[in-house]
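Results of the structural survey
Chain by chain, the residues:
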Amino acid sequence: MADAKVIPFDDDRSRGSAAQRPPRRRGTGNRRTGGEQPVPVRELHGAGEARDDAARDAGDLQALPGGTAAPDDTPVPGEERRADAGGLERRIAGGLAFLRRRLTGDYEVDDFGYDEELTDQVLMSLLRPVYEKYFRVEVKGVENIPADGGALIVANHSGTLPLDGLMMQVAVHDHHPAGRHLRLLAADLVFVLPVVNELARKLGHTLACAEDAERLLAQGELVGVMPEGFKGIGKPFSERYKLQRFGRGGFVSTALRHGAPIIPCSIVGAEEIYPMLGNAKTLARVLGFPYFPLTPTFPWLGPLGAVPLPTKWTIQFGEPIPTDGYPPEAAEDPMLMFNLTDQVREQIQHTLYKLLVQRRSVFF
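Residues numbered from 1 in each chain as written. Predicted model: local features only at pLDDT ≥ 70, side-chain atom pairs only at ≥ 80, totals over all residues. Heavy atoms only, no water.

Focus on the pairing of strand β8 (residues 262–268)
Keep this limit in mind: Between buried and exposed lies partly exposed: a residue is buried under 20% and exposed over 50% of the maximum accessible area for its type, with that area taken using a 1.4 Å probe on protein chains only. Labels follow the DSSP assignment, with helices taken as runs of H or I lasting at least four residues and strands as runs of E lasting at least two, numbered in each case from the N terminus. Two strands form a pair only when DSSP identifies at least two bridges running between them.
Where burial is concerned, most of β8 is hidden: seven out of the seven residues are buried. Covered by surrounding structure in β8 are Ile262, Pro264, Ser266 and Val268 together with Ile263, Cys265 and Ile267, the residues of both alternating faces. For strand β4 (residues 151–155) and β8, the ladder comprises four bridges, and the chain directions are parallel. From the neighbouring strand, Ile153 faces β8, where its bridge partner is Ile263.

This is how it looks when you write it as C-alpha cells:
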C-alpha cells in the first residue's frame with residue numbers, strides 16, 4: 001500500500017494454569033508393602049479384574065482399557081470442561097473490559113492515529129483467518145528482524161489490491177518473538193477513501209513521505225515500505241514477479257539518516273490473486289484511480305469477481321543491510337543511494353526467483 005512517491009485480536013487462548021486447576025484425584029487403592037499376601041477372592045472372578053485392581057492398588061496409576069496404565073496426571077472427568085469454562089469467563093471479562101474502555105475513551109492513539117489495542121484485539125483477529133486459512137502464508141527469515149529499535153523493511157508490491165502489505169503486517173506481528181508491529185507507509189489514495197482511511201490509520205499506516213518515515217524510525221518503530229507503489233500492484237500479469245523501478249531511493253536516504261538497517265522482503269503468491277489481464281485506462285481516469293483492472297473474474301462476475309484467488313503465499317525476510325557505518329553526510333550522496341537501492345532491489349529479485357523455483361504449485 002505504499003506509493004513510489006516516498007522519497008519515498010490475540011484472543012485470550014489461556015486456559016486454567018496448573019495453580020488454578022482443582023487438585024487431581026489420587027488413586028484410592030491401598031499400597032502393598034511386599035511379602036506374602038493372601039490371594040484376594042476377587043481374583044477368582046478373572047485375570048482381567050485382577051489386573052485392574054492391581055493398577056488401582058498402585059496408587060499412582062489409573063487403569064486403562066486393555067490392562068495398560070497411565071500416570072496419575074491424566075485429567076479426571078470434567079476437569080477440562082472446568083478449565084475451558086474458566087478460560088471462557090476470562091475472555092468474556094476481557095471483552096467487556098475492552099468495550100468499556102472503547103466507550104469511555106480510555107485508550108491511547110498516537111500522533112499518526114495508530115490504535116495498538118484495537119489493532120491487537122480486533123483488526124489483527126479479522127485479518128488472521130485470511131492469513132492462516134485462505135492464503136496459508138509461510139514465513140521465513142523472521143529472525144532477521146531486530147528485536148527492538150528502528151528498522152526499515154522494503155518489500156515487493158503486487159496483487160492488483162494491496163493485500164500483501166496487510167499480510168506482511170500479520171506475519172511480523174504473529175511470528176516475531178517480540179510481537180513487533182509493522183508501520184506501513186501508504187499511498188495518498190488510501191487516506192482519501194472513506195472507511196479505508198480510518199482503518200488504515202488505526203492499523204498504524206501513515207503517509208508515504210520522508211518526514212513520517214523519519215519520525216517513526218526515530219521512535220524506534222519497525223517501518224515497512226513498498227517502493228514500487230502503484231507500478232507494482234498495477235502491472236499486467238505477464239510481468240509478474242518482475243520488480244518495477246524503486247523510485248528515487250528516498251527510503252535509503254531515510255534509513256541512512258537514522259542508521260536503521262534495511263531488511264529486504266520478498267513476497268510470493270500475491271501476484272496471482274487477481275491476474276490483471278488488462279487495464280481500462282479511460283475508466284480509471286474518470287474514477288480518479290491509477291488503474292482499473294480487468295481480470296478473468298472482474299468486472300464480469302460483479303462483486304463475486306472481487307474475491308481473490310486462494311493462492312499459497314511465502315514471505316521471506318532477508319538479511320539486514322546495515323547503514324549505521326556511514327557518516328551523516330552519506331544521506332545526501334546520490335551515488336551511494338543509487339548503489340544501496342540497487343542492492344536492495346537485486347536481493348529482493350534474487351529471492352523471488354529462488355522462491356519461485358522452489359514453489360511446486362500456485363495454490364498448494
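Let's talk about the pattern of salt bridges
Cut-off, in case you're wondering: Basic side-chain nitrogens of Lys or Arg form a salt bridge, by our definition, when they fall within 4 Å of a carboxyl oxygen of Asp or Glu.
Summed over all chains, the structure comprises 14 salt bridges. For Arg183, the salt bridge identified is with Glu221, shortest N-O distance 3.6 Å. Here Arg183, found in strand β5 (residues 182–186), pairs with Glu221, found in the loop between α6 (210–218) and β7 (222–225); they are 38 residues apart in sequence, far enough to count as distant. Between Arg257 and Glu332 there is a salt bridge; the shortest N-O distance is 2.9 Å. Here Arg257, found in helix α8 (residues 250–258), pairs with Glu332, found in the loop between β11 (314–317) and α10 (334–358); they are 75 residues apart in sequence, far enough to count as distant. Given a relative accessible area of 40%, Arg257 falls into the partly exposed group.

Quick notes on the confidence of the model for the protein chain
As a reminder of what qualifies: pLDDT is defined as a per-residue confidence score from the predictor, taking values between 0 and 100. Whether two residues are in contact is decided by their heavy atoms, any of which lying within 4.5 Å being enough.
Overall, the predicted model of the protein chain reaches an average pLDDT of 82, with 77% of residues at or above 70. Considering each helix and strand of the protein chain separately, the mean pLDDT is smallest for strand β1 (residues 61–63), with a value of 41, and largest for β11, with 98. Contacts of residues 1–71 to residues separated by more than four positions or lying in other chains number 113 contacts, the stretch itself having pLDDT below 50.

Considerations on the nonpolar core
In plain terms, the rule: Buried Ala, Val, Leu, Ile, Met, Phe, Trp, Tyr and Cys residues form a nonpolar core when they are joined through side-chain atoms within 4.5 Å.
One finds Ile153, Met168, Ile267 and Phe317 to be the most contacted residues of the largest nonpolar core, which totals 33 residues. Residue contacts for Ile267: discarding those within four places in its chain leaves Ala155, Asn156, Asp164, Met168, Met226, Tyr241, Trp313, Thr314, Ile315 and Leu352. If you look at the next biggest cluster of nonpolar residues, it comprises 30 residues, including Tyr241, Ile262, Ala330 and Ile348.

Overview of the sheet that holds β7
Within a sheet, neighbouring strands are paired by backbone hydrogen bonds and run either parallel or antiparallel to one another. Which entries qualify depends on this criterion: An axis is simply a line fitted to the C-alpha atoms; with a helix, the fit covers only the stretch in contact. Between two such axes, the angle follows the N-to-C directions and lies from 0 to 180 degrees.
Strand order across the open sheet formed by seven strands is β3-β11-β8-β4-β7-β5-β6, with mixed pairing between neighbours. With one partner strand each, in any of the chains shown, β3 (138–140) and β6 (206–207) form the two edges of the open sheet. Against the sheet, α10 contacts β3, β4, β8 and β11, and its axis sits at roughly 30° relative to β8.

So, the packing of aromatic side chains
Geometry of an aromatic ring pair is reported as the spacing of the ring centres plus the angle between the planes. Note the following rule: When the centres of two rings from Phe, Tyr and Trp lie within 6.5 Å, Trp using its six-membered ring, the rings pair. Their planes under 30 degrees apart give stacked, over 60 give edge-to-face, and anything left gives tilted.
Enumeration over the complete set of coordinates arrives at five aromatic pairs. Where Phe230 meets Tyr291, the ring centres are 6.5 Å apart and the plane angle is 70°; that geometry is what we call edge-to-face. Pair noted here: Phe230 is in helix α7 (residues 230–233) and Tyr291 is in the loop between α9 (281–287) and β10 (293–294), with a separation of 61 residues, a long-range link. An aromatic cluster is built from Tyr134, Phe135 and Trp313, whose rings are joined through pairwise contacts.

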